[in-house]
Amino acid sequence: MGHGPALRAAGGVGIELVSHPSLAELHATEPHEETRERLLALLEAFEVVEGRPATHEQVERCHEPAYLDRLEALETRTHLDPDTVASETSWEAALLAAGCSLEAVDRDGFALVRPPGHHALPARAMGFCLLNNVAIAARYAQVELGVGRMAIVDWDVHHGNGTQDIFWDDDSVLFVSMHQWPFYPGSGGPGEGNETTLNVPLRAGSDDTDYLLAFEERVDPAVRAFGPELVLVSAGFDAHVDDPIAGMNVTADGFRELARRTADLGPRLAAVLEGGYDPRTLPALVEAALEGFGK
């Protein structure tokens, strides 16, 4: 671990991994599906570039100040919603996860972070998520790096309702979500969307073939027509066949091919970890995605 190069993907092609050892120490959630063991497993498997915390100004681009003040003021373990645990060090963890996501944009890399982010709404936590890491990264790219049009492709097994909400009225950001439906959080069903919001609900039990066909028929044409300067990926691995909290049948080969096809959609790409709740399989799935991103 440290500032060395990322573990290289197959074929000698690599994408830098960004994380921080504190993410495996802060934000104690146990017993809970979103556990520190997820990051420990990844940090043992890969070398990473250490990221930095996001600033208050950077996260305020996506979240209301009063909500951020509540997170910062936490002094004891609590439930922010029925699924979302937080404690006195969760604010530090959330800022660090968001900041690593910004570093991934800087490096065209992959942020291995927790807590995840795509359910986080402007004014509240939801579904294990405190700050919307990929949304904060998108705004950072626009405001501080001068990126214009961008696409966010979310293949977490759950609908990215927080990301959708943040960018619903923003025609500079195309949001695409592939997810199990009907399923938590209940949004993203057939017909829900607008000109820059595309939801691709998939039935429980969908496998590699189903995902890749949906990608070919719906995701690929929409993103290519939009013409993004940067593609951001909400890279969730909880659609894996062995994941404990969902009902999909995607394999490592499926994630590799999803990553390869997503990397072909724009001139630049960065990714942020979302779900994936089996620490035993998560490193191999991240490695498969790295192979795909490396093309």
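So, here's what we can say about the structure. This is a predicted model, so every value here is computed, not measured.

### Some points on the side chain of S172
Moving on, step 1. Mapping S172 onto the fold places it in the loop between α6 (161-167) and β7 (173-180).
Moving on, step 2. S172 sits in the buried class, given a relative accessible area of 18%.
Moving on, step 3. A polar contact of 2.9 Å, which involves the side chain of S172, links it to the side chain of Q142.
Moving on, step 4. Apart from the residues within four sequence positions on either side, S172 is in contact with Q142, G148, R149, M150 and F226.

### Brief notes about the sheet that holds strand β6 (residues 150-154)
Moving on, step 1. Read across the sheet, nine strands follow the order β2-β1-β5-β11-β10-β6-β7-β9-β8 without closing on themselves; strand pairing throughout is mixed. Both outer strands of the open sheet, β2 (49-50) and β8 (193-194), are each paired with one neighbouring strand and no more.
Moving on, step 2. Inspection of the sheet shows β8 paired to strand β9 (residues 197-202) by two bridges, in the antiparallel sense. What sits directly across from G193, in β9, is L198.

### What to know about helix α8 (residues 252-263)
Moving on, step 1. Its twelve residues place the ends of α8 17 Å apart at the C-alpha level, agreeing with the 16 Å of an ideal helix rising 1.5 Å per residue.
Moving on, step 2. Where α8 is buried, its residues contact β6, β7, α7 (208-226), β10 (230-235), β11 (269-273) and α9 (282-293).
Moving on, step 3. At the N-terminal end of α8, a side-chain oxygen is found 3.3 Å from the backbone nitrogen of D253, two or three residues along, and the residue is T251.

### Topic: the packing of α8 against α9
Moving on, step 1. Here α8 crosses α9 at 35°, and the two axes come no closer than 7 Å. Between α8 and α9 the crossing geometry is right-handed. Of the residues in α9, those in contact with A252, F255, R256, A259, R260 and A263 of α8 are L285, A288, A289, E291, G292 and F293.
Moving on, step 2. Classifying every residue of the contact of α8 with α9 by side-chain character gives eight nonpolar, one polar and three charged.

Rules of the game
Each chain has its residues counted from 1, following the order in which its sequence is written. Reporting in this predicted model follows two pLDDT cut-offs: at least 70 for local features of residues, and 80 or more for side-chain atom pairs to be given and counted; totals over whole chains, interfaces and linings ignore these cut-offs and use all residues. As a rule here, side-chain values come from all non-hydrogen atoms in the structure, and water together with hydrogens is ignored. Numbered from the N terminus, helices here are DSSP runs of H or I no shorter than four residues, and strands are runs of E no shorter than two. Each residue's exposure class comes from its accessible area (1.4 Å probe, protein chains only) as a fraction of the maximum for that residue type: buried when under 20%, exposed when over 50%, partly exposed otherwise. In protein, a polar contact means a hydrogen-donor-capable atom and an acceptor-capable atom, both N or O and within 3.5 Å, with residues adjacent in sequence counting only if both atoms are side-chain atoms; elsewhere, any N or O pair within 3.5 Å suffices. Here a residue-residue contact requires only that any non-hydrogen atoms of the pair lie within 4.5 Å. Only strands that DSSP links by at least two bridges are regarded as paired with each other. Helices are assigned an expected span. That span is 1.5 Å times one less than the residue count. For helices, the fitted axis covers only the stretch in contact; all axes are lines through C-alpha atoms, and the angles between them, taken along N-to-C directions, range from 0 to 180 degrees. A clockwise turn of the near helix away from the far one marks a right-handed crossing, whereas an anticlockwise turn of less than a right angle marks a left-handed crossing. The classification used treats Ala, Val, Leu, Ile, Met, Phe, Trp, Tyr, Cys and Pro as nonpolar, Asp, Glu, Lys and Arg as charged, and all other residues, Gly among them, as polar.

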